[in-house]
Amino acid sequence: MKDEATSGRAAVTNKGAQRRAQLLDIAEGILVRSGHAELTMRAVANAAGVRLGHLQYYFPSHSDLVAAVLDRTMQRSLHRLAPLLAAADIAVPGEDLARLLLAEQHDPDLVRVYAELWALASRDDAVAAVVATFYRTYEAHVAAVIQARHPELSEPTCRVNARVFTILIEGASLFRSGIAATADDTTDRAIIATATALLDPESSTTPTPGIEPR
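Source: prediction; values computed, not measured.

## Describing the packing of aromatic side chains
Next up, step 1: For the structure shown, the criterion picks out six aromatic pairs.
Next up, step 2: Note on Tyr-57 and Tyr-58: the rings are 5.0 Å apart at their centroids and 90 degrees apart in plane angle, and the pair reads as edge-to-face.
Next up, step 3: Centroid distance Tyr-114 to Phe-134: 6.0 Å. Interplanar angle 40 degrees. Geometry classified as tilted. Of this pair, Tyr-114 sits in helix α6 (residues 108–121) while Phe-134 is found in helix α7 (residues 125–149), placing the two residues 20 residues apart along the sequence. Take Tyr-114 and Phe-134: they sit in the same class, and that class is buried.

Written out as structure tokens, the structure is:
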């Protein structure tokens, strides 16, 4: 009897998790298609074909819904990026690593989700806190990569280079996705050269202010 009860609870939990994920998919779709202004509780409930109270069972408030969309988006990105930014894998050329990270921006829906979340973060402290945590983690991964590749560099230098690298790659998404402009080979080559100089200062001739003199 105990095993049957445990199995029943697990089935309910799994079903609830699946329903929650479906609601987040719908919310993310609204965010991509219509923007953050249209991401309301009622809009998500209507799109899901459920009562507002059903949605509030999973996400009691609009802030809870937005935070869940944001957290899932950020976690998925970190899951994809972590293998690329594994500090132990120092054999990968910096240029190749920069290209791989830029390739992450080929998904226009993902870029639009980030653009909308950045806009929300500018006016919602809770969203801003989650975004800030994500980028601190991102920068820490990059700093660890730089330190592993160049142990002669000081920790502050690695942190500065990691921040500039993050600003460069993440900012590029707005200018490569069709939001502010579209990608072109000439600009991409310049972005990759600059990013490589931040990851591997000794292998690049591009001057980079954050890099420690050798």
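Read on for the rest.
## Notes on the pattern of salt bridges
Next up, step 1: The tally for this structure, following the rule as stated, stands at eight salt bridges.
Next up, step 2: Linking Arg-72 and Asp-25 is a salt bridge whose minimum nitrogen-to-oxygen distance equals 2.8 Å. Of this pair, Arg-72 sits in helix α4 (residues 62–84) while Asp-25 sits in helix α1 (residues 2–34), placing them 47 residues apart in sequence.
Next up, step 3: Assessed through its relative accessible area of 17%, Arg-72 is described here as buried.
Next up, step 4: A residue is classified by how much of its surface remains accessible, and Asp-25, at 44% relative accessible area, is partly exposed.
Next up, step 5: Of the charged contacts, one joins Glu-28 and Arg-72 as a salt bridge, the two residues approaching to 3.4 Å between their closest N and O atoms.

## Section: the packing of α6 against helix α8 (residues 155–176)
Each pair of packed helices gets described by two things: the angle between the helix axes and the distance between those axes.
Next up, step 1: The N-to-C vectors of α6 and α8 enclose an angle of 110 degrees; their axes lie 10 Å apart at closest approach. Compared by their axis directions, α6 and α8 come out roughly perpendicular. Contacts from Val-111, Ala-115 and Trp-118 in α6 reach Glu-170, Ser-173 and Leu-174 in α8.
Next up, step 2: Along the lines of polarity and charge, the residues of the contact of α6 with α8 split into four nonpolar, one polar and one charged.

## Regarding α6
Next up, step 1: Taking 1.5 Å of rise per residue, 14 residues should cover 20 Å, and α6 covers 20 Å from first to last C-alpha, within 8% of that figure.
Next up, step 2: Those residues of α6 not exposed but buried are Leu-110, Val-111, Val-113, Tyr-114, Ala-115, Leu-117, Leu-120 and Ala-121.
Next up, step 3: Its side-chain oxygen 3.1 Å from the backbone nitrogen of Asp-109, Asp-107 forms the N-cap of α6.

## Some points on the confidence of the model for the protein chain
Next up, step 1: Mean pLDDT over the protein chain works out to 83, with 86% of the residues at or above the 70 mark.
Next up, step 2: Mean pLDDT values for the elements of the protein chain range from 76 in α1 up to 96 in helix α2 (residues 41–48).
Next up, step 3: Counting contacts from residues 4–12, a segment whose pLDDT is below 50, to residues more than four positions away or on other chains yields zero contacts.
Next up, step 4: This model gives residues 204–214 a pLDDT under 50, and the stretch forms 22 contacts once residues within four places in sequence are excluded.

## Points about the nonpolar core
Next up, step 1: The biggest cluster of nonpolar side chains holds 51 residues, and the ones touching the most others in it are Leu-39, Leu-65, Tyr-138, Phe-165 and Ile-169.
Next up, step 2: Looking at this core, the elements that each hand over two or more residues are α1, α2, α4, α5 (94–103), α6, α7, α8 and α9 (185–199).
Next up, step 3: Ignoring any residue separated from it by four or fewer positions in sequence, one finds Leu-65 in contact with Leu-24, Ala-27, Leu-39, Met-41, Val-44 and Phe-59.

## A word on the side chain of Asp-188
Next up, step 1: Position of Asp-188 among the secondary structure elements: in helix α9.
Next up, step 2: What Asp-188 contacts, discounting residues up to four positions off in sequence, is Arg-176 and Ala-183.

## Remarks on the side chain of Glu-28
Next up, step 1: Residue placement: Glu-28 occurs in helix α1.
Next up, step 2: A polar side-chain atom of Glu-28 sits 3.4 Å from a polar atom in the side chain of Arg-72.
Next up, step 3: Not counting residues up to four positions away in its chain, the partners in contact with Glu-28 are Arg-72, Thr-73, Arg-76 and Val-113.

## Digging into empty space enclosed by the protein
Next up, step 1: Under the defined criterion, the tally for this structure stands at one cavity of 30 Å³ or more.
Next up, step 2: Its volume calculated, the largest cavity comes out at about 190 Å³.
Next up, step 3: As for the largest cavity, its lining consists of 15 residues, and the residues nearest its centre are Glu-104, Gln-105, Leu-110, Tyr-114 and Glu-170.
Next up, step 4: Residue assignment for the lining of the largest cavity shows that the elements contributing at least two residues are α4, α6, α7 and α8.

What counts, and where the lines are drawn
- For every chain, the first residue of the written sequence is number 1, and numbering continues from 1 onward in sequence order.
- Given that the model is predicted, a residue must reach a pLDDT of at least 70 before its local features are reported, and side-chain atom pairs must reach 80 or more before they are shown or counted; all residues, however, enter totals for whole chains, interfaces and linings.
- Based on all heavy atoms of the structure, the side-chain values leave hydrogens and waters out of the count.
- To pair, rings of Phe, Tyr and Trp, with the six-membered ring standing in for Trp, must have centres within 6.5 Å; the planes then decide the type, stacked if under 30 degrees apart, edge-to-face if over 60, and tilted in the middle.
- Runs of E in the DSSP output that reach at least two residues are strands. Runs of H or I that reach at least four are helices, and both are numbered from the N terminus.
- Relative accessibility decides the category of a residue: with a 1.4 Å probe and only protein chains considered, values under 20% of the type maximum give buried, values over 50% give exposed, and everything between is partly exposed.
- We define a salt bridge as a contact between a side-chain nitrogen of Lys or Arg and a carboxyl oxygen of Asp or Glu at a distance within 4 Å.
- Note on method: axes are straight lines fitted to C-alpha atoms, helices fitted across the in-contact stretch only, with angles between N-to-C directions ranging 0 to 180 degrees.
- For classification purposes, angles smaller than 35 degrees are called roughly parallel, those larger than 145 roughly antiparallel, those between 65 and 115 roughly perpendicular, and all remaining angles oblique.
- Two residues qualify as a contact provided that any one of their heavy atoms is within 4.5 Å of a heavy atom in the partner residue.
- Residue polarity follows a fixed list, in which Ala, Val, Leu, Ile, Met, Phe, Trp, Tyr, Cys and Pro are nonpolar, Asp, Glu, Lys and Arg are charged, and the others, Gly among them, are polar.
- Given the number of residues in a helix, its expected span is that number minus one, multiplied by 1.5 Å.
- The term polar contact refers here to a pair of N or O atoms within 3.5 Å; inside protein, the definition further demands a hydrogen-donor-capable atom paired with an acceptor-capable atom, and it admits residues adjacent in sequence only when both atoms are side-chain atoms.
- Here pLDDT means the predictor's own confidence in every residue, given as a number from 0 to 100.
- The set of buried Ala, Val, Leu, Ile, Met, Phe, Trp, Tyr and Cys residues whose side-chain atoms join them within 4.5 Å is what this entry labels a nonpolar core.
- A cavity here means a set of 1 Å grid points, computed over protein atoms only, where a 1.4 Å probe fits but cannot escape. A pocket is an open set with protein on both sides within 12 Å along at least 5 of 7 lines, and lining residues have an atom within 4 Å of a point.
- Grid points are joined across faces, edges and corners, and a volume is the space filled by probe spheres set on the points.

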